[in-house]
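Here is how the chains run, residue by residue.
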Amino acid sequence: MDRNIINIIKLLLLPVGMFLIFTLIAPGFGFHSIPVIISQSIIQVVIGFGLSLLMNAELMDFSMGARTVFAAIFGGILSQSMGMPGLIFGCLAGAMFGALLMAVLYQYLKIPVMVVSLGIVMIYEVLGAKLTGSSGYLRIGSDIYQIGSYPNNIIILILSGVLCYILYYKMRIGCHITAVGNDEKMCRNIGVHADRVKFIAIMLTGVYCAIAAVLTICYSGAITASTGMGTLGIIFKPIMCVIIGRQMRKTLDNMPILIFIGGLCISIIFNGFIALGLPDALQDIVLGIFLIIVMGYSSNSKNITNFYRRLMTAK
Amino acid sequence: MGQQKVLFEAKDMFKSFGVTKALKEVKLELKSSEVLGLIGENGSGKSTLASIIAGIWAADSGSMFLEGQQYFPKNSMEANYSGICMILQEKSTFDHLSAANNIFIGAEKRFVKAGILDGRRMKREAAKVLQEIGASHISPSDMIGNLSFEDGKLVELARAVSIKPKILIVDETTTALSRTGRDILYLIMEKMKKGGNSVIFISHDIDEMVDKCDRLTVLRDGNYVDTLEKKDFSTQVIRRLMVGREISDNYYRTDSESCKNEEIVLQVKDVIAGKLDNISFSLHKGEILGFGGLADCGMHDIGRIAFGLLSTDTGEVKDAKGKKIEAPAQAMSRKIGYIAKNRDQEALMTNSPILDNICIASYDKLSKNGCILPGRENKFVDYLADQLEIKMQDSKQYVMELSGGNKQKVALAKWLGFGADILILDCPTRGIDIGIKSNLYNLMIKLKKEGKSIILISEELPEVIGMSDRVIILKNGRISGEFRREAHPTESLLIDYMV
């Protein structure tokens, strides 16, 4: 069997193991939960695809949630007059405008992306709220939201993953993004335009925000505007998907698959805890603890390996 | 030689960094089919000139001609397109990319069809280039982060060769390479010459320059000094031109007695850590203890365990009073200082001023009631900068703007100011010119006379032999031989114990 397939199977053991544990301990959690788990992981995985490009360039963007929600609202409004094309065009235009604004601000004002992204969050949240009016809520027609419903959402996820794979491994830009994240100064020395690469990376996140926007509004057929930095919460699960994915990169160098596995793990944990009856607040605590554990392991994996090595030598 | 056409010419080159004038009316002429050595002390402007030729920096004024045509690269990519390529002194590979990606970075277009990169073809081509330079042990799929520093440098060489340059600039690369790596580089240089192309070769190793170059251009303090033809090569003349004064042939210790002091100041016992396998040795007061071996033998881990940077799997490191040293803070409290081989990343804060770098270890003595006294700080830095003759604008200058030798002096000043009784120097003369080297050796002798102890780790055997009271040779992480100074160990004898 192909080595890559063996490695994918090995990596899938992690979510499968988690799934089996929850199946055993959580009443109501079982094989029937699989479609829900996958459906719930789709949006975070798609955002994770885009986010991973930025994280590969050593940039951190907190605005992807706000951009996604704004794009979904904008697309939803256009869909009311233009139907499905309006939804797609609106989501794309809203997301790409957000990406462009961020890329331009970063490029010309030389403000760190993380700071720019927080500014964008505030602006986009308010704009989204204004667009939805006093209700703060927007519904789309059932004929329209079919595009992002099951099984179309699975197809969209697969296509997004393929695009991500192509960007990462089959295009110059993927290689240059990694190089910029590795050493920007060195990139300049060998003629790679680091600023241009970062600009493109930010713009590419716009594409993923647009896809996530379509999926988000179609998931329940409606979208609610969020203010007071509420959209920041959207980004944490994708961050974890990417971090978990990066941890497994030594076993398999295929970021889209790794991010998907990361997304599955997170979705299983959450659905598992819901099945166990964990309230919302506790779920957030679990999310926080899980994030700290993953980040802690990610930052200290070398020390942990050394510790075990020393332990074994001592024995 | 006389019939060779001029391939490249630079005239009246000026370049300043702030108030520092790095190049002043410098000229350079490179003929076809030759290896032109560019030599000078640290800060003489060699790397600046080379970087301008390679399109990394732009000159303030001056003109350059490539094959008779005006040449003015806007960036290194343009220089590459014109056929000029440079291998930098520092690491220039990307850890998170494969060897193939590193070789063709910036030049992937040739593997792109309809916007899609043909990774397989790229890897095939990379394998060909690696084989061509004699580095077929590196797989094109290998992530650079998983390769050794030397293999990373070989990938850089492969990148340069893949461009098929007319002019290859090799800037201080040989110090990072083992004998095998150097042989590969020399072979490439030879092939370039035979193919009618040329090499600009920068190194501090005068013997290497004399051996490999056809002509030598000497720079000093940013000025052009002279260009020597092969027949005029003489170590003494080159040194005089470089430094502007006479430097004796032998700048190592002249005595042949090893340290007789029995007082142990540092003891390493049965240590297994990193690449080290069951290492034991003692350092005595006033002793220079040299460590030599092949690049991967584990000798660099000696410095790290002695300073408490690397935890031991088994065994222990103890000070004169028998107290364990397990962390850098403990080592510093026992007056131990350490300068790592990787100076820029591990020994200095290059993005900080000289003042901060020198004072960082000594804030206890520079402060009163918890407040740092700026007057005391400035006096402290000025005194040490004077003592070590650090070439700088002022103590506020950033370390990254200094030449390699002056950076090393700053790292030394930090520990001398701190009052270290034990100095661990890992490759202290790496990338340093003979003038500063000579100063450094004199300083080591002075410190030894003052009763300070030094662990000298070096990949240069003449340096280890010339400066040490005792030489310990490591092979595969184990001690394979130990020699006292009076036994007059020779290079060939030590090599027998290394390989």
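Since this is a predicted model, take the numbers as computed values, not measurements. Positions within a chain are numbered from 1, following the residues in the order the chain's sequence is written. Chains carry letters from A onward and ligands carry numbers from 1 onward, assigned in written order. In view of the model being predicted, local features appear only for residues whose pLDDT reaches at least 70, and side-chain atom pairs are presented and counted only at 80 or more, with totals across whole chains, interfaces and linings using the full set of residues. Each side-chain value is worked out from all heavy atoms of the structure, with water and hydrogens disregarded.

K.L.:
Requested: an account of the interface of chain B and chain A, with residues and values cited.
P.N.:
Residue contacts are defined here by distance: any two heavy atoms, one from each residue, within 4.5 Å place the two residues in contact. In this complex, chain B contributes 28 residues to the contact, which on the side of chain A involves 23 residues. Reported buried area values correspond to the accessible surface (1.4 Å probe) lost by two parts on association, with both partners' losses combined. Of all residues in chain B, the largest losses of buried area upon contact with chain A belong to B:Phe94, B:Leu117 and B:Asp313, amounting jointly to 26% of the total for that side. The salt bridge criterion pairs a side-chain nitrogen of Lys or Arg with a carboxyl oxygen of Asp or Glu, the two atoms within 4 Å. Connecting chain B to chain A are one salt bridge. Nitrogen and oxygen atoms within 3.5 Å of one another constitute a polar contact, given that in protein one can donate a hydrogen and the other can accept it, and given that sequence-neighbouring residues count only through two side-chain atoms. For the pair chain B and chain A, the interface holds five residue pairs in polar contact (both at pLDDT 80 or more). Sorting the residues of the side of chain B that touches chain A by element identifies helix H2 (76–82) and strand S8 (116–117) of chain B as the ones contributing at least two each. Amino acid classes used here: Ala, Val, Leu, Ile, Met, Phe, Trp, Tyr, Cys and Pro are nonpolar; Asp, Glu, Lys and Arg are charged; the rest, including Gly, are polar. Looking at side-chain class alone, the side of chain B that touches chain A contains 10 nonpolar, 12 polar and six charged residues. Helix and strand assignments follow DSSP, with helices taken as H or I runs no shorter than four residues and strands as E runs no shorter than two, numbered in order from the N terminus.

K.L.:
How would you explain helix H7 (residues 172–182) of chain A if you had to name every residue and give the values?
P.N.:
Within H7(A), nine of the 11 residues are buried, which leaves it mostly tucked inside the rest of the structure. Buried means the residue's accessible area, taken with a 1.4 Å probe over protein chains only, is under 20% of the maximum for its type, while exposed means over 50%, and partly exposed covers the values in between. Residues of H7(A) that are buried include every one of A:Ile173, A:Gly174, A:Cys175, A:His176, A:Ile177, A:Thr178, A:Ala179, A:Val180 and A:Gly181, and no others. Contacts made by the buried residues of H7(A) are with helix H2 (34–56), helix H6 (152–169), helix H8 (184–189) and helix H9 (194–220) of chain A together with helix H3 (99–103) of chain B.

K.L.:
Now, about the pattern of salt bridges: what can you tell me, with residues and values included?
P.N.:
All names here are of chain B. Tallying each qualifying case throughout the model produces 35 salt bridges over all chains. A salt bridge links arginine 215 to glutamate 34; the shortest N-O distance between them is 2.8 Å. Of this pair, arginine 215 sits in strand S11 (residues 215–220) while glutamate 34 sits in the loop between strand S2 (20–31) and strand S3 (35–40), and the two are 181 residues apart along the sequence. Take arginine 215 and glutamate 34: they sit in the same class, and that class is buried. For glutamate 486, the salt bridge goes to arginine 484, with nearest N and O atoms at 3.8 Å. Exposure remark for glutamate 486: the relative accessible area of 30% places this residue in the partly exposed category. Through salt bridges that share partners, Arg253, Asp255, Lys448, Asp469 and Arg485 make up one connected network.

K.L.:
Can you explain the packing of helix H3 (residues 64–109) of chain A against H9(A)? Please cite residues and give values.
P.N.:
Residue and element names in this part refer to chain A. In this analysis, axes come from line fits to C-alpha atoms, helices being fitted only over the stretch in contact, and the angle between any two N-to-C directions falls in the range 0 to 180 degrees. Running from N to C, H3 and H9 point in directions that differ by 150°, and their axes come no closer than 8 Å. What the angle tells us is that H3 and H9 run roughly antiparallel. Note on packing geometry: the crossing formed by H3 with H9 is right-handed. In the contact of H3 with H9, the residues fall into 25 nonpolar, six polar and four charged. Note on angle classes: values under 35 degrees are labelled roughly parallel, values over 145 roughly antiparallel, values of 65 to 115 roughly perpendicular, and the remainder oblique. Helix crossings get a hand from a simple test, with the near helix turned counterclockwise from the far one by less than a right angle marking a left-handed crossing and a clockwise turn marking a right-handed one.

K.L.:
Pulling in residues and values, what's your account of the environment of B:Arg179?
P.N.:
Residues and elements named next belong to chain B. Locating arginine 179 in the fold gives a position in helix H6 (residues 179–194). The exposure class assigned to arginine 179 is exposed, which follows from its relative accessible area of 54%. For the pair arginine 179 and leucine 294, spaced 115 residues apart in sequence, the C-alpha to C-alpha distance is 9.2 Å.

K.L.:
Outline the sheet that holds strand S14 (residues 276–284) of chain B, supporting the account with residue identities and numerical values.
P.N.:
Residues and elements named next belong to chain B. DSSP bridges decide pairing: two strands pair if at least two such bridges lie between them. Here three strands make up an open sheet; going across it, the order is S14-S13-S16 and the pairing antiparallel. Two strands lie at the open edges of the sheet, namely S14 and strand S16 (314–319), each paired on one side alone. Taking the axes of each pair of neighbouring strands and ignoring which way they run, one obtains an average angle of 5° across the sheet. Judged from the five bridges that link them, strand S13 (residues 264–273) and S16 form a sheet pairing that is antiparallel. Note that in S16 the partner of lysine 269 across the bridge is glutamate 316.

K.L.:
Lay out the pairing of strand S9 (residues 167–171) of chain B with the relevant residues and their values.
P.N.:
Residues and elements named next belong to chain B. Within S9, five of the five residues are buried, leaving the element largely enclosed by the surrounding structure. Burial along S9 is two-sided: Ile167, Ile169 and Asp171 and Leu168 and Val170, pointing in opposite directions, are all buried. Alignment of strand S6 (residues 84–87) against S9, held across four bridges, turns out to be parallel. By the bridge assignment for S9, isoleucine 87 is matched with valine 170. Crossovers are described as right-handed under a simple rule: with the strands pointing away from the observer, the path leading from the first strand over the helix to the second runs clockwise. Running through H6, the crossover from S9 to the neighbouring parallel element strand S10 (residues 198–202) is right-handed.

K.L.:
With reference to specific residues and values, describe the nonpolar core.
P.N.:
Among buried residues, the Ala, Val, Leu, Ile, Met, Phe, Trp, Tyr and Cys ones that are joined through side-chain atoms within 4.5 Å form a nonpolar core. Among the nonpolar cores identified, the biggest contains 114 residues, and B:Phe201 and B:Ile455 are the most heavily contacted of them. For this core, the element with the most residues is helix H16 (residues 434–449) of chain B, which contributes seven residues. Domain start and stop points were drawn from an automatic or database domain assignment. Of the residues that make up this core, three or more belong to each of domain 1 (6–243) and domain 2 (264–498) of chain B. Among the nonpolar cores identified, the runner-up in size contains 103 residues, and A:Met64, A:Ala66, A:Tyr106 and A:Ile243 belong to it.

K.L.:
Describe unusual backbone geometry, with residues and values.
P.N.:
All names here are of chain B. At lysine 164, a residue that is not glycine, the phi angle is positive and equals roughly 50°. In this structure, lysine 164 sits in the loop between helix H5 (149–162) and S9. Of note in the backbone geometry, lysine 335 takes a positive phi value of approximately 60° without being a glycine. Examined against the element boundaries, lysine 335 turns out to sit in the loop between helix H10 (328–333) and strand S17 (336–339). Lysine 335 sits in the partly exposed class, given a relative accessible area of 30%.

K.L.:
Describe the sheet that holds strand S23 (residues 478–484) of chain B, and please don't skip the residues or the numbers.
P.N.:
Neighbouring strands of a sheet are bound in pairs by backbone hydrogen bonds; such pairs are parallel or else antiparallel. All names here are of chain B. Taken in spatial order, the six strands of this open sheet run S17-S20-S21-S15-S22-S23, and their pairing is mixed. Edge strands, defined here as strands with exactly one partner in the open sheet, are S17 and S23. Neighbour-to-neighbour, the strand axes of this sheet turn through a mean angle of 15°, independent of strand direction. In the sheet, strand S15 (residues 288–293) pairs with strand S22 (residues 470–475) via five bridges, with the strands oriented parallel. Opposite glycine 290, over in S22, you have valine 471 as the bridge partner. This element, helix H9 (residues 299–306), spans S15, S17, strand S20 (422–426), strand S21 (453–457) and S22 of the sheet and lies at about 145° to S21. In this fold helix H18 (residues 491–498) packs onto S15, S22 and S23, with an angle of close to 35° to the strand it touches most, S22.

K.L.:
How would you explain the domain arrangement of chain A if you had to name every residue and give the values?
P.N.:
All names here are of chain A. Domain boundaries in chain A define domain 1 (3–278) and domain 2 (279–315). Centre-to-centre separation of domain 1 and domain 2, based on C-alpha positions: 25 Å. Listed as interface residues are 13 residues of domain 1 and, on the opposing side, 13 residues of domain 2. Interface area, domain 1 with domain 2, both sides summed: about 1,200 Å², of which 83% is carbon and sulfur. Of all residues in domain 1, Met240, Gln247 and Leu278 give up the largest surface area on contact with domain 2, accounting jointly for 45% of the area buried on that side. Between domain 1 and domain 2 we count zero salt bridges in total.

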